[in-house]
Every structure is written in structure tokens, then in C-alpha cells.
Amino acid sequence: MQIRPILATLKHHKAGTLLIALQIALTLAIVCNALFIIHQRLAHLSQPTGLDESHLLVIQNQWANKPTKGDISSLLADDLATLRKVPGVANAYATDGYPLSSGGITYGIGHSPDKLNFVSNTAIYFADENALPTLGLKLVAGRNFRSDEIGEIGGRDKIAPQVLIITSELARRLFPGESAVGKMAYVSDKPSIIIGVVERMQTPYVDSAMAQWSDCSTLMPFHQLVTPTNYVVRAQPGQLDDVAKRVRAALYAANRLRVISPEDGVKTFAQVRAQAYKSDRGMAILMASISVILLAITAAGIVGLTSFWVGQRRKQIGVRRALGATRHDILSYFLTENLLIGVGGVLLGGVLALGLNLWLMKQFEMARLAPGYVLAGVVTLLLLGQCAVLAPALRASNVPPVEATRSV
Amino acid sequence: MLGYYLDLAVRSLRRNKILTALMIVTLALGIGASITTLTVLKLLSGDPLPEKSANLFYARVDPNPLEGYVPGQTKPDSIMSYTDAMNLMHAHRAVRQAAMALIDAKIDTQHPNDHPYFADGVMTTADFFALFNAPFQYGSGWTADDDESRATLVVIADFLNNKMFGGANSVGKTIRIDDRDFRIVGVLKHWAPQPRFYATDLGGHDYGDGDAVFMPLKTARSLDKGPQDTECYASVSDLQHLESAPCEWLGMWVQLDDSTAVANYRMFLDGYAKQQVALGRFKRSETSLLDLMSWLSDQQVVPNDAKLQTYLAFGFLLICVVNTVGLLLAKCLRRSREIGVRRALGATRRDIFTQFMVEAAIVGVAGGVLGLVLAVLGLWGVRHQPAQYASLAHLDVEMFLVTFAVALVASLIAGLLPAWRACVVAPAPQLKAA
């Protein structure tokens with residue numbers, strides 16, 4: 001296939017050529033970045049919490065009659081006993097927060113009591129001896145809390161635990177290359193002994209600002225005697241939905257003086273996850289639909305302009321056929337023409353994609369676009385162009401040689 | 001003449017229905033997407049108190065220790081300790097001033113069988129309502145004396161009044177909040193500034209419903225109501241007495257009516273910080289006094305995703321316009337002969353240009369109408385999202401007009417190149433070829 005005659009023809013159709021190239025370039029720039037954003041969001045929302053999520057549900061309970069600290073202590077014990085008696089419940093514990101709950105206590109943890117001189121931020125979860133089996137956390141070193149280690153604190157008491165369980169990521173930061181079990185760390189002005197390390201437990205937050213320490217969590221052996229309290233309940237396999245229906249009634253039957261919100265008082269962990277990542281998922285869906293529509297519009301534009309060119313050049317095509325060009329020659333002429341425009345478009349589009357990414361990096365603190373996305377976009381758009389041009393090109397190849405002799 | 005052009009344009013558009021439909025749909029998709037995202041962005045970045053925002057200022061001082069302090073660069077914390085807030089309040093250096101924090105209020109319903117429920121509330125000082133122009137339906141706010149005497153009185157929102165008292169004048173009646181009887185002194189008219197600017201850093205949501213109850217700060221604290229957000233700048237052993245703890249939990253707003261007042265208050269604030277440094281309470285003398293809109297942009301209240309979506313939609317619109325240019329160009333070049341004939345029969349270049357621009361404008365108006373339908377659908381979709389601002393997403397008159405302006409401008413820009421190409425067609429060769 002000779003390229004020079006094609007280029008000569010394109011010179012006569014500068015405006016149309018430039019428009020198709022420009023459209024391909026802009027589409028490439030947006031689609032690459034959209035794909036990149038989709039990938040980032042999906043990576044973000046598939047980050048594991050370390051929990052056995054499929055069997056868990058959480059209940060937010062507020063006490064209605066302003067009980068004292070002492071009251072809550074027995075109310076809490078009663079509630080946990082009530083929950084364990086609900087058919088289908090495997091285990092339960094009370095806590096202030098849980099992964100993805102998007103609120104809770106954050107501390108600095110380090111090697112000295114100095115509040116400002118800490119090694120890492122850490123999310124604080126209050127837990128008892130049932131927390132690990134309920135959540136399905138994997139203990140990689142040390143041991144679980146014992147029931148005699150569980151203390152009680154009020155909402156505004158000083159938090160100074162004797163023992164801690166931390167995540168392996170936090171252990172690595174505090175004691176790189178060593179075992180953390182048995183070592184001391186400071187979360188208050190008194191040292192605490194690390195008795196166990198769990199493989200993974202995500203923090204309550206999904207913000208990018210807190211992504212630096214999203215696997216740095218600390219479990220503290222306390223029942224926090226405040227309202228509201230969260231109960232985390234583990235259902236036996238296959239019984240999650242039944243348990244979710246039963247727990248509210250069971251708790252109200254045991255004690256009416258409470259508020260469990262009818263809307264979101266009882267949530268399965270799948271709902272917690274969906275809520276935490278709703279904006280990420282929404283953004284990924286939006287980006288994907290925009291990309292698909294853009295590709296469709298670009299394809300339609302190519303079909304429209306090429307159809308027009310074929311209509312305009314029927315006579316020339318007829319002359320070429322009469323002079324011995326085969327149908328295949330005509331077909332490949334239009335395919336090559338489109339490929340040339342497409343290559344011009346993607347070259348410009350690649351530059352635009354990187355430029356757009358730089359601008360997004362500056363505006364939204366986004367990561368640098370991996371070259372693979374541009375490459376994928378280039379291949380997609382060139383293939384799309386070839387597919388779009390196929391129908392008009394086939395029509396062109398069907399132009400009979402006799403067309404050369406017709407005057408109109 | 002315009003009637004003739006319209007007739008010609010409609011005929012031409014009818015001749016190639018698929019191409020016309022493609023142009024209109026493309027343009028409509030671009031316009032629908034841009035108007036939807038722009039409406040949401042406008043909603044999110046709007047001025048919550050247009051009549052007063054220029055006179056409202058948010059004051060900040062910095063009681064943090066010296067570690068990590070870079071003079072001139074480190075910004076003060078976004079909330080204030082009780083000591084500082086009260087010192088600034090009692091100095092009375094602004095026309096009006098109020099300190100505030102957010103609370104959860106448990107409200108008992110009148111019916112014995114209903115469960116009590118929790119509503120959003122604000123604990124604040126007497127000037128709050130006048131400071132923010134909060135409109136009263138019945139009654140009024142409380143006085144500075146009520147603040148000091150820890151009076152158990154409350155101002156409630158219209159929606160709470162509707163729910164509890166069926167919308168009747170409930171001033172003087174009591175409402176049970178946190179197991180304590182409060183006397184209602186005022187009922188607000190609907191008041192829900194978007195964003196809820198006074199609460200951006202107090203631990204609440206930024207958009208959505210307004211607060212249900214407003215009670216005096218000291219009253220709420222004497223009932224042990226805790227603020228939704230507390231930040232401590234030194235080790236604390238007692239969080240029960242937040243008033244004396246080294247913790248920040250209050251937002252401080254002042255009203256300053258002209259630039260002299262602003263300059264004076266700024267000097268006063270700087271002087272206060274220097275005085276506290278001299279007393280040894282502060283280590284940093286940094287202060288900040290931002291007006292409402294600057295404070296909102298400083299806080300980056302508008303979610304980045306909303307901005308990103310708007311940029312994306314306008315990129316999308318740009319591609320749609322380029323696409324329409326291409327299709328219009330193809331259409332008009334196909335009619336070179338028709339143009340040749342018209343030129344030969346006496347039509348000027350200007351006539352041809354106008355004719356093709358009219359055709360483009362028709363595509364634009366049709367695209368605008370369809371785009372408007374898509375935008376309404378898009379906003380309906382936004383309203384069914386679980387976002388805080390979802391229920392507020394509606395097309396207003398302004399955006400309705402903007403839609404058509406965008407559609408017309410986009411289509412006329414798209415029509416320029418094809419119309420120019422059409423009007424420079426030389427008539428003679430076209431006639432010869434025919």
C-alpha cells in the first residue's frame with residue numbers, strides 16, 4: 001500500500017482530517033486518565049480489612065436513660081449475654097469502633113512517653129477476649145487478651161493499658177526486623193506491653209489523608225462505658241441475614257431503654273463497606289460510563305465523516321477500479337487512511353493524556369499515569385477507528401468501475 | 001429571510017435523519033453531563049449566607065507547643081479552646097460574636113410508646129442568631145444573661161416544631177431533651193445554610209439538613225453535653241472538665257462591618273496572641289481571621305470528586321462539540337452544488353453563512369432541549385445517591401438558562417467552520433461539474 005497518494009488526498013481534506021485526529025486525541029487523553037482513576041479507585045476499595053467480613057454485623061446502641069458508668073458495665077454484660085443467646089450468633093463483643101466505621105480514636109504510638117515524639121499514628125480499638133474470634137483476626141505472634149485483663153473506662157478517663165495487641169504493619173514500624181511480642185510501647189505516659197500481633201486490621205478511615213497508616217491499628221483491653229456502644233456480632237455460617245433480623249428485637253425485649261436507629265442501627269459488614277466506599281464506587285462507575293460513551297461518539301464521528309468522503313469520491317473510486325484496482329485495494333486504502341489519521345491522533349493524544357495527568361496531579365494530588373494506560377488507550381482507539389471505518393470502506397469497495405463513466 | 005433559512009435548514013436536516021439525530025444526541029449528552037455536574041458543583045460551592053458572608057469572619061489562634069512550628073507557615077488549628085474563646089467573647093471587640101460546638105440531643109417524643117431519637121444540635125452563645133441572620137418564625141433567641149445563668153431554654157428548628165407541635169406556636173412550651181425539660185424561647189423558620197459553614201470543623205456534616213436544637217453553651221455543658229470534636233494540644237488526664245483542659249473544641253465567629261473594623265480586629269487578635277505568649281500560655285503568636293468564603297475554600301469543603309466530575313464533563317462536552325463540527329462539515333460540503341446554485345442565483349456569502357449558522361443553531365436548540373431532559377434525569381440520579389447533599393440537587397432557573405446558553409454557544413462554535421467553508425465555495429466549478 002502506497003502511503004504518499006493517501007497523504008496527498010488528506011491534504012485536500014485538511015479540516016476533516018484534523019477534526020478526526022483531534023477527536024481521537026481528546027478521547028485518548030480523557031479515556032486514559034479515566035481508566036487510571038477507575039483502577040486507583042478499585043484498588044482503594046478492594047483493600048482488605050483483615051476481618052472475616054461475610055459473617056459480621058454491627059449494632060449501634062445508645063442508652064436512653066443516661067445510665068452511670070456503673071450501670072453501663074452491667075448493661076453491657078447483659079447485652080452481650082443476650083446477643084450470644086440469639087439463635088445463629090457465634091460470638092459478640094463491644095467496642096468503640098471497627099474498620100471502615102469512619103470515626104474513632106487516633107493516637108500516636110512510640111518508644112517514649114513524649115506525646116509529640118511518636119513512631120506512627122494508630123487507630124485505637126477497645127476490645128475484649130472475644131474480639132479476635134468474633135472478627136476472625138489472624139494472630140501471627142503472641143496471644144489473645146485474657147478475660148482477667150479486660151478493664152473498664154469511662155468516656156473521658158485516661159487511657160493507659162497494661163497490654164496491647166497490634167497489627168503486623170505497626171509492629172514492623174515500631175520494631176523493624178524484630179519480634180514485637182513482649183516489648184514495650186507508649187500510647188500514654190505509662191508503658192504498655194505488646195502481647196500479641198495480628199496479621200492485619202484496617203483503621204476506621206478510608207480518606208487518602210490517612211492512607212499512610214491504614215494498617216496501623218492497636219487493640220486495647222477495655223470495655224468503654226459510654227453511649228453509644230457498638231456491638232460486633234459474628235453469625236454462624238449462612239445465618240447472617242436471619243441474625244440481622246433477630247438481634248434488634250432480642251435487645252429491645254431484654255431492655256427497652258435504648259435507641260437502635262431503625263435506618264442504620266443494625267448493619268451487615270457488607271453495608272458498612274458499601275457505605276465507606278460509596279464515593280469511590282460511584283466515581284469508578286461514572287468514569288467507566290463516560291469512557292464508553294466517548295468511545296461510541298468518536299466511532300460515530302469517524303463513521304459519519306468517512307461515509308461522507310466515500311460518497312464524495314465515488315467517481316475517483318470508479319476510475320481507480322476501472323484502471324485495475326481490486327476491491328481489496330480500495331478497502332485497504334480507506335483502512336490505511338484511517339490508520340494514518342489515527343496514528344496522528346494518538347501521538348497528539350498521548351501528549352495530551354500526560355499533560356492532563358500532570359494537571360490532575362497538581363489539582364487533586366493524583367498519582368503519575370502509568371505508561372501502560374496510554375498504551376492500552378492507543379491500541380483501543382486505533383482498533384476502534386479501524387472498526388468504525390470498516391462499514392464505509394466496504395461500501396466504497398463495492399463501487400462498480402462503471403461509476404467512472406457516469407457524469408454525476 | 002430568517003423564515004426562509006429556517007425552512008431550508010429544516011429541509012436539510014430532514015434529508016439526512018441519522019446524521020441529524022447523531023449530532024443532536026451527541027450535543028445533548030455533552031450538555032446533559034456538563035449541566036448536571038455544574039449544578040452539583042454550584043450547589044456545593046455556593047455562598048451559604050449571600051447577604052452577610054462578607055461581614056462574617058472566623059477567628060483562630062494557636063495554643064500548640066513550639067515543636068513543628070515554622071513561623072509564617074504553620075496555620076493555626078481550626079478550632080479554639082474554651083479559655084481563648086471566652087477571652088475573645090468577653091472582650092466584645094466585634095459587633096457580634098459567638099462561640100459554638102455541635103452536640104447530639106436526645107429528644108423524647110410526647111407519645112409514651114415511641115422511642116426517643118437523636119437529633120443534631122448546636123451549643124452556642126446568645127449572639128448566634130443575629131450573627132448569622134437566622135430567621136425566627138416564633139419568639140426569639142436568648143440573652144447573654146441566659147448564657148451566664150445556664151438557663152434551660154432552647155431554640156428549635158421548624159422541622160422539629162412541625163414534628164413535635166404540628167407547626168403551632170410552641171414558644172413557652174417545654175420539650176424534653178436529654179431527660180431535662182427545656183423551655184422553648186424561639187422557633188426558627190427554615191434555616192439550613194449550604195454548606196453548614198459554621199460546623200465545617202466541629203465534627204458534623206457539611207451539607208444537608210440544618211440543626212434541630214440550639215441551646216446555650218454553658219447550659220449544655222452543665223448537662224455534660226460533649227462537643228462532637230475535641231483536639232488536645234497537651235497531655236490530658238481529665239476530659240470531663242473541657243473548660244479548663246488544654247483542648248480545642250469551639251468555633252469562633254465574629255461580625256465585622258467594614259475594612260477598618262476588620263483591620264482593628266486583626267490587630268486585637270494579634271495583640272491577644274502576643275499577650276498570651278508573654279503570659280506563657282502560648283508558644284506561637286500565629287493568628288488567622290478569614291472571611292466566610294475564604295474560610296470555606298481554606299477548608300476545601302467542596303469535595304474534590306465533584307470538581308473532577310465537572311472538569312471531566314466539560315472535557316466530554318468539548319469532544320462532543322468537535323464531533324458535531326466534523327458532522328456538520330461533512331453535511332455542508334456535500335451540498336457544495338446547492339450552494340453553487342444559490343450563489344449563482346444571487347445569494348451573497350453572508351446569506352450562505354447565515355443559512356448554515358441557522359442550521360447549526362437549530363441543532364443546538366434541539367440538543368439543548370434534549371440535554372435539559374438528560375440533565376433533569378442526571379440530577380434525579382444524583383438525588384438517589386447516598387451523598388449528604390443529594391436531596392438538594394435541583395435545576396434552578398439560572399441553570400435552566402445556562403443550559404440553553406451553553407447549547408447555543410456550543411452549536412454556533414461548532415457551526416462556524418462548516419458555515420465559513422460553505423460561504424467560500426466558488427460557484428462556477430460547482431455549476432460546471434453539475
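Please read all numbers here as calculations on a predicted model, not as lab measurements. (Residues numbered from 1 in each chain as written. Chains lettered and ligands numbered in written order. Predicted model: local features only at pLDDT ≥ 70, side-chain atom pairs only at ≥ 80, totals over all residues.)

**Student:** Can you tell me about the overall build of chain A, naming the residues and giving the values?
**Tutor:** When you go through chain A residue by residue, the secondary structure sums to 11 helices and 13 strands. By the compact-globule yardstick of 22 Å for 408 residues, chain A is too spread out, its C-alpha radius of gyration being 32 Å. Judged by the C-alpha coordinates and their principal axes, chain A covers about 105 × 50 × 30 Å. The burial tally for chain A puts 42% of its 408 residues in the buried class. (Helix = DSSP H or I, 4+ residues; strand = E, 2+ residues; numbered from the N terminus. Rg over C-alpha atoms; globule rule 2.2 N^0.38 Å. Buried ≥ 20, exposed ≤ 12 C-beta atoms within 10 Å, placed from the backbone.)

**Student:** Talk me through the packing of helix α8 (residues 278-312) of chain A against helix α10 (residues 304-334) of chain B; I want residue IDs and the actual numbers.
**Tutor:** Across the interface, α8 of chain A lies against α10 of chain B with an axial gap of 9 Å and an inter-helix angle of 10°. Viewed along their axes, α8 of chain A and α10 of chain B adopt a mutual orientation that is roughly parallel. Judged by residue contacts, Ser279, Met283, Leu286, Ile290, Leu294, Ile297, Gly301, Gly304, Leu305, Phe308 and Gly311 of chain A of α8 of chain A engage Asp305, Gln309, Leu312, Phe316, Ile319, Cys320, Asn323, Gly326, Leu327, Ala330 and Arg334 of chain B from α10 of chain B. (Axes fitted to C-alpha atoms, helices over the stretch in contact; angles between N-to-C directions. Parallel < 35°, antiparallel > 145°, perpendicular 65-115°, else oblique. Contact = placed C-beta atoms within 7 Å.)

**Student:** So what's going on with the interface of chain B and chain A? Residues and values would help.
**Tutor:** In this complex, chain B contributes 39 residues to the contact, which on the side of chain A involves 35 residues. When contributions to the side of chain B that touches chain A are tallied by element, the ones reaching two or more residues are α2 (17-44), β4 (117-124), α10 and α13 (397-423) of chain B. Of the residues forming the side of chain B that touches chain A, the biggest block, 18 residues, is contributed by α10 of chain B. The residue inventory of the side of chain B that touches chain A, partitioned by class, reads 21 nonpolar, 11 polar and 7 charged. (Nonpolar A, V, L, I, M, F, W, Y, C, P; charged D, E, K, R; others polar.)

**Student:** Tell me what's going on with the nonpolar core, and back it up with residues and numbers.
**Tutor:** Leu28 and Cys32 of chain A together with Leu27 and Phe316 of chain B are the most contacted members of the largest nonpolar core, which has 101 residues in total. Mapped onto this core, the elements with two or more residues apiece are α2 (14-45), α8, α10 (327-364) and α11 (371-397) of chain A together with α2, α10, α12 (349-383) and α13 of chain B. Setting aside residues up to four positions removed in sequence, Leu27 of chain B forms contacts with Cys320, Thr324, Val363, Gly364, Gly367, Gly371, Ala407, Ala410 and Ser411 of chain B. Of all hydrophobic cores here, the second largest spans 70 residues; its members include Phe57, Phe182, Leu202 and Leu250 of chain B. (Core = buried A, V, L, I, M, F, W, Y, C linked by C-beta atoms within 7 Å.)

**Student:** Please give an account of α13 of chain B that cites residues and values.
**Tutor:** With 27 residues, α13 of chain B should cover 39 Å at 1.5 Å per step; its first-to-last C-alpha distance of 38 Å lies within 8% of that length. Buried residues of α13 of chain B: Thr403, Val406, Ala407, Ala410, Ser411, Ala414, Gly415, Pro418, Ala419, Ala422 and Cys423 of chain B, and no others. (Expected span 1.5 Å × (residues − 1).)

**Student:** Mind laying out the packing of α8 of chain A against α11 of chain A, listing which residues take part and the relevant values?
**Tutor:** All names here are of chain A. Viewed as axis vectors pointing N to C, α8 and α11 meet at an angle of 25°, and their least axial separation amounts to 9 Å. Here α11 runs roughly parallel to α8, going by the angle between their axes. For the pair α8 and α11, the crossing hand works out as right-handed. Contacts from Leu295, Thr298, Ala299, Ile302, Val303, Thr306, Ser307 and Val310 of α8 reach α11 at Leu384, Gly385, Ala388, Val389, Ala391, Pro392, Arg395 and Ala396. Per-class residue counts for the contact of α8 with α11 are 11 nonpolar, 4 polar and 1 charged. (Left-handed = near helix turned anticlockwise from the far one by under 90°.)

**Student:** Got a sec to walk through the environment of Asn64 of chain B? Specific residues and values, please.
**Tutor:** Residues and elements named next belong to chain B. Summarising the element assignment, Asn64 is placed in the loop between β1 (56-61) and β2 (80-81). Residue class for Asn64 comes out buried when judged on the 21 C-beta atoms lying within 10 Å of it. Distance in space between the C-alpha atoms of Asn64 and Lys283 is 6.8 Å, their sequence separation being 219 residues. Non-local contacts of Asn64, meaning those with residues more than four positions away in its chain, are made with Asp77, Tyr233 and Arg284.

**Student:** Quick rundown of the domain arrangement of chain B? Include the residues and the values.
**Tutor:** Residues and elements named next belong to chain B. One can read the domain layout of chain B as domain 1 (2-45 + 303-433) and domain 2 (53-298). Put simply, the middle of domain 1 and the middle of domain 2, counted by C-alpha atoms, are 50 Å apart. Listed per partner, the contact involves 4 residues of domain 1 and 5 residues of domain 2. (Domains from an automatic or database assignment.)

**Student:** Account for the pairing of strand β9 (residues 191-198) of chain A, with residues named and values stated.
**Tutor:** Residues and elements named next belong to chain A. Extensive coverage of β9 is indicated by the burial of 6 of its 8 residues. Both strand β5 (residues 139-142) and β9 contribute to a ladder of 3 bridges, which runs antiparallel. Directly across from Gly142, in β9, lies its bridge partner Gly196. As defined by bridge partners, strand β7 (residues 163-167) adjoins β9 across 5 bridges and the pair is classed as parallel. Bridge pairing in β9 links Val163 to Ile193. Sheet topology note: the strand β8 (residues 184-186)/β9 ladder contains 3 bridges and is antiparallel. Pairing of Met184 across the sheet is with Ile193, part of β9. Remark: 4 residues form the turn of the hairpin made by β8 and β9, two consecutive strands paired antiparallel. (Pairing = 2+ DSSP bridges.)

**Student:** An account of unusual backbone geometry is requested, with residue identities and associated values reported.
**Tutor:** All names here are of chain B. That bond from Gln194 to Pro195 is cis: its omega, -10°, falls within 30 degrees of zero. On the secondary structure map, Pro195 appears in the loop between β8 (180-188) and β9 (213-216). Even without being a glycine, Asn133 presents a positive backbone phi close to 55°. For Asn133, the position within the fold is in the loop between α4 (128-131) and β5 (136-139). Taking the number of C-beta atoms within 10 Å as the measure of exposure, Asn133 has 13 and is therefore partly exposed. Even without being glycine, Asp224 reaches a positive phi, approximately 65°. In this fold, Asp224 is placed in the loop between α7 (217-222) and β10 (231-232).

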